[in-house]
Amino acid sequence: MNPIETFEKWDLDLLIDYVLKFHHRNTRRYGEKILQRLTALAQQHTELNEIVELFRNSIGDLDMHCMKEENVLYPYIQELFNASETQQPVEAFHCGSIQFPINAMMADHSDETGRHNLIGKLTNNYTAPEGTTDSEYQKVLDELRDFRDFLHEHIAVENEIIFPRALALEAANVVSC
């Protein structure tokens, strides 16, 4: 994965495309595949049942989170970016400011970080129990760790780059009513 510094050089519209086409797409694609493999593995390893529930809830909540960004927040941020590029004003967001949905997205990020930290703790930092002979066990845990790592990148790109830039564009380009 790229360090966050690399993303700081990208234009806002490119960052949005990256998050949508890489992170959102792969969260849905690989999250569901990992959940299926984890669920199957838990049938023989019941100690994974809590992990299955945590990850199932994560996938469901992340899907809702992604839909909110895709359908509400990112289209307006794209509009802000385009207005800035053409030096045009833009009307205020329908609920006044994008600060409110950004706060909600950041709260989701915090919840998911906590949930995946708990998964890491419950899996002994994504390590199969000693003596486990099922090779699928460690493979699934490795995929869970990779999912968590990509989730952390997704969160960092949004919290540290996209959202602050969007708020700055809003402050500079929104016309008051």
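Relevant structure appears above.
Each residue is numbered by its place in its chain's sequence as written, counting from 1. For a predicted model such as this one, the threshold for reporting local features is a pLDDT of at least 70, and the threshold for listing and counting side-chain atom pairs is 80 or more; totals across whole chains, interfaces and linings nevertheless cover every residue. With hydrogens and water set aside, each side-chain value is computed from the structure's full complement of heavy atoms.

Help me understand the packing of helix α3 (residues 49-85) against helix α5 (residues 135-173), please; the structure alone is not making it clear to me.
Pairs of packed helices are described in terms of their axes, by the angle between the two and the distance that separates them. Put simply, α3 and α5 touch, their axes get as near as 11 Å, and they point 30 degrees apart. When the axis of α3 is compared with that of α5, the two are roughly parallel. Regarding α3 and α5, the two cross each other, and that crossing is left-handed. Fitted lines through C-alpha atoms give the axes, limited to the stretch in contact for helices. The angle between two N-to-C directions lies from 0 to 180 degrees. For helices the rule is a DSSP run of H or I covering at least 4 residues; for strands it is a run of E covering at least 2, with both sets numbered from the N terminus onward. What sets the label is the angle itself: under 35 degrees gives roughly parallel, over 145 gives roughly antiparallel, 65 to 115 gives roughly perpendicular, and the rest give oblique. Two helices crossing with the near one rotated counterclockwise from the far one by less than a right angle form a left-handed crossing, whereas a clockwise rotation gives a right-handed crossing.

Mind showing me how you'd approach the nonpolar core here?
In terms of nonpolar packing, the biggest core is built from 26 residues, with Ile77, Ile98 and Ile162 touching the most fellow members. Of all elements in the fold, only α1 (4-8), α2 (12-42), α3, α4 (99-122) and α5 reach the threshold of two or more residues within this core. Residues in contact with isoleucine 98, not counting those within four places in the same chain, are Leu73, Tyr76, Ile77, Leu80, Phe93, Ala166, Leu167 and Glu170. Throughout this description, the term nonpolar core refers to a set of buried Ala, Val, Leu, Ile, Met, Phe, Trp, Tyr and Cys residues connected via side-chain atoms within 4.5 Å. Residue exposure (1.4 Å probe, protein chains only): buried if accessible area is under 20% of the type maximum, exposed if over 50%, otherwise partly exposed. Ranked by size, the runner-up nonpolar core spans 22 residues in total, among them Ala128, Tyr137, Phe147 and Ile155. By definition in these notes, contact holds between two residues if any of their heavy atoms fall within 4.5 Å.

Sorry if this is basic, but what is going on with α4 here?
In an α-helix, one full turn covers 3.6 residues, which means residues spaced three or four apart are oriented alike. An ideal rise of 1.5 Å per residue puts 34 Å on 24 residues; α4 measures up with 34 Å between its terminal C-alpha atoms. Of the residues making up α4, those classed as buried are Pro101, Ile102, Met105, His109, Glu112, Arg115, His116, Ile119 and Gly120. Buried residues in α4 make contact with α3 and α5. Downstream of α4 by one or two residues, asparagine 124 has phi in the positive range, about 55 degrees. Here a helix's expected span is defined as the number of its residues, less one, multiplied by 1.5 Å.

Sorry if this is basic, but what is going on with the environment of valine 174 here?
Mapped onto the secondary structure, valine 174 falls in strand β2 (residues 174-175). C-alpha separation for the pair valine 174 and glycine 60, spaced 114 residues apart in sequence, amounts to 34 Å. Leaving out residues up to four positions away in the same chain, valine 174 has contacts with Tyr76, Leu80, Val90, Glu91, Ala92 and Leu169.

Would you mind showing me how to read unusual backbone geometry here?
Only a minority of non-glycine residues have a phi that is not negative, and only a minority of peptide bonds are not trans. The phi dihedral of asparagine 124 is positive, around 55 degrees, even though this residue is not glycine. Relative to the elements of secondary structure, asparagine 124 occurs in the loop between α4 and α5. Looking at asparagine 124, the relative accessible area reads 56%, which means it is exposed. Positive phi outside glycine occurs at asparagine 125, with the angle close to 60 degrees. Among the secondary structure elements, asparagine 125 is positioned in the loop between α4 and α5.

Quick question: what am I supposed to make of the packing of aromatic side chains here?
For any two aromatic rings, the description comes down to two numbers: the centre-to-centre distance and the angle of the planes. Ring pairs are drawn from Phe, Tyr and Trp, using the six-membered ring of Trp, whenever the two centres fall within 6.5 Å, and their geometry is named by plane angle: stacked under 30 degrees, edge-to-face over 60, tilted for the rest. All chains considered together, the criterion is met by seven aromatic pairs. Arranged with centres 5.1 Å apart and planes meeting at 80 degrees, the rings of phenylalanine 55 and phenylalanine 147 form a pair that is edge-to-face. One end of the pair, phenylalanine 55, is in helix α3; the other, phenylalanine 147, is in helix α5, with 92 residues separating them in the sequence. Here phenylalanine 147 falls in the buried class, since its relative accessible area comes to 8%.

Shape descriptors only; they carry no functional weight alone.
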